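In case you want the letters, here they are:
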Amino acid sequence: MPKHGNASPSIGLFAEFAGAVTPCLPRDLNPVAMQRWIEPAGRPDLRECLRRAFKEAPTFVVRTVKILTVTCLGNTTASQLIPQGESTRVNDLITNELFPIQPHAPATYELELFQFVNHDPSWEDVLVARARRNLDEPTSEMGFCLGIQHRDEQREHPIVITHQPVRDPFGNLDVLVLHGSAGYRKLDLLCTASRWHRRDLVFVGVRKVAA
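Everything numeric in this text was worked out from a predicted model, so none of it was measured. Every chain begins its residue count from 1, and numbering advances along the sequence as written. It should be noted that, the model being predicted, local features are given only for residues of pLDDT at least 70 and side-chain atom pairs only at 80 or more, the latter also being counted only at that level, while totals for whole chains, interfaces and linings use all residues. Side-chain measures were taken over the full set of non-hydrogen atoms in the model, leaving aside hydrogen atoms and water.

Engineer: Even after reading the chapter, I still don't get helix 6 (residues 140-149), so can you show me in this structure?
Structural biologist: Within an α-helix, residues lying three or four positions from one another point in the same direction, as the helix has 3.6 residues per turn. Burial analysis of helix 6 places nine of its ten residues in the buried class, which makes it a mostly covered element. Among all positions in helix 6, only Ser 140, Glu 141, Met 142, Gly 143, Phe 144, Cys 145, Leu 146, Gly 147 and Ile 148 are buried. Classification of residues uses two cut-offs on accessible area relative to the type maximum, computed with a 1.4 Å probe and protein chains only: under 20% is buried, over 50% is exposed, and between them is partly exposed. Where helices and strands are cited, they refer to DSSP runs of H or I of at least four residues and of E of at least two residues respectively, numbered from the N terminus.

Printed below as a string of structure tokens:
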């Protein structure tokens, strides 16, 4: 028999589904993103995000590379933390304005570095993998502190900090990436619109604290 693709849901089923989704929306969504999606120009982006979120989950294999502990003091800015990492090069766009750090009490976190084994991931794939591994979203502060407290890790493999992406002056949504080699260490930005080679990168999530 010929294949005709997926059938469209009935109006009743669609209404029931929409009604189930609304109460489940998280209350900690980024207000900037919410405002952008409310506006007509942002609706196509929201529709695409939802389509990707609800399509059948991809079957990829992810492995844990390493667990690292970092301590964040919560009383410093990006411009104060960056020199402490002693990077050879720092992207000029990594500023206090683009990466504000909210003051908080000192805290220590376990960061899990994970890597895709059989799949070149998109940003959406990374978020799915992080959720499947029961990991929380890290902050940019954790990324800065990782570069300070574990300086040689980024020489082994580029490390992508999966914090809430920030919009740079060119309109790209970026996250921090730490990379380097024997001769240098760089603090840079990576555009989330890319698809990345699985052997080149590891991704960071925060291990949940048991209640």
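Engineer: Honestly, the pairing of strand 7 (residues 173-180) in this entry has me stumped. Any pointers?
Structural biologist: Regular strands show a simple pattern: their side chains alternate between the two faces of the sheet. With seven of its eight residues buried, strand 7 lies for the most part within the structure. Pairing between strand 5 (residues 159-161) and strand 7: two bridges, direction antiparallel. The residue of strand 7 that forms the bridge with Ile 159 is Leu 178. With two bridges connecting them, strand 6 (residues 166-167) and strand 7 associate as antiparallel partners. Bridging across to strand 7, Arg 167 finds its partner in Leu 173. Should DSSP find at least two bridges between two strands, the strands are regarded as paired. Hairpin connection from strand 6 to strand 7: five residues lie between these consecutive antiparallel strands, with Gly 171 at a positive phi of about 90 degrees. In this antiparallel pair of consecutive strands, strand 7 and strand 8 (residues 185-191), the connection spans four residues.

Engineer: Whenever I open this one, the packing of aromatic side chains confuses me. Can you help?
Structural biologist: Think of a pair of aromatic rings as described by two things: how far the centres are apart, and how the planes are tilted against each other in angle. A pair of Phe, Tyr and Trp rings is counted when the ring centres sit within 6.5 Å of each other, with Trp represented by its six-membered ring. The angle between the planes then sorts it: under 30 degrees is stacked, over 60 is edge-to-face, the rest tilted. Applying the stated criterion to the full structure yields five aromatic pairs. Measuring from centroid to centroid gives 6.2 Å for Phe 99 and Phe 144, while their planes differ by 75 degrees, and the two rings are edge-to-face. Residue Phe 99 is located in the loop between strand 2 (89-90) and strand 3 (107-116), and its partner Phe 144 is located in helix 6; the two are separated by 45 residues in the primary sequence. There is no split in this pair, since Phe 99 and Phe 144 are both buried. On the numbers, 5.7 Å between centres and 90 degrees between planes, the contact of Phe 116 with Phe 203 is edge-to-face. Here Phe 116 is found in strand 3, whereas its partner Phe 203 is found in strand 9 (residues 202-207), with 87 residues between them in sequence. Of the two residues, Phe 116 and Phe 203, both sit in the buried class. By the ring-pair criterion, three or more aromatic residues cluster together here, those being Phe 60, Phe 114, Phe 116 and Phe 203.

Engineer: In this structure, what is going on with the nonpolar core? I would like to understand it.
Structural biologist: Here is a general trend for soluble globular proteins: nonpolar side chains tend to be buried in one another's company. By nonpolar core is meant a set of buried Ala, Val, Leu, Ile, Met, Phe, Trp, Tyr and Cys residues that side-chain atoms within 4.5 Å join together. Of all hydrophobic cores here, the largest spans 27 residues; its most connected members are Ile 94, Phe 99, Phe 144, Leu 146, Ile 159 and Leu 176. If you list the elements that add at least two residues to this core, you get strand 1 (62-72), helix 4 (78-84), strand 3, helix 6, strand 5, strand 7, strand 8 and strand 9. Leaving out residues up to four positions away in the same chain, Phe 144 has contacts with Ala 78, Leu 81, Ile 82, Ile 94, Phe 99, Ile 101, Leu 176 and Leu 187. With 15 residues, the next largest nonpolar core counts Ala 129, Leu 190, Trp 196 and Phe 203 among its residues. Two residues form a contact once any of their heavy atoms are found within 4.5 Å.

Engineer: Quick question: what am I supposed to make of the pattern of salt bridges here?
Structural biologist: Side chains that carry opposite charge are capable of pairing whenever their charged atoms lie near each other. Salt bridge, as used here, is a side-chain nitrogen of Lys or Arg placed within 4 Å of a carboxyl oxygen of Asp or Glu. Using the criterion set out here, one finds eight salt bridges in the structure. The partner of Glu 112 in a salt bridge is Arg 133, with the nearest N and O atoms 2.7 Å apart. With Glu 112 in strand 3 and Arg 133 in the loop between helix 5 (123-132) and strand 4 (135-136), this pair connects stretches of sequence that are 21 residues apart. When its relative accessible area of 4% is taken as the criterion, Glu 112 is described as buried. A salt bridge links Lys 208 to Asp 136; the nearest nitrogen and oxygen atoms lie 2.4 Å apart. Here Asp 136 lies in strand 4 and Lys 208 lies in the segment after strand 9, a separation of 72 residues in the sequence. Of the residues examined, Lys 208 reaches a relative accessible area of 41% and is grouped as partly exposed. Take Asp 136: its relative accessible area is 32%, and that puts it in the partly exposed class. Members of the salt-bridge network, linked through shared partners, are Glu 112, Arg 133 and Arg 207.

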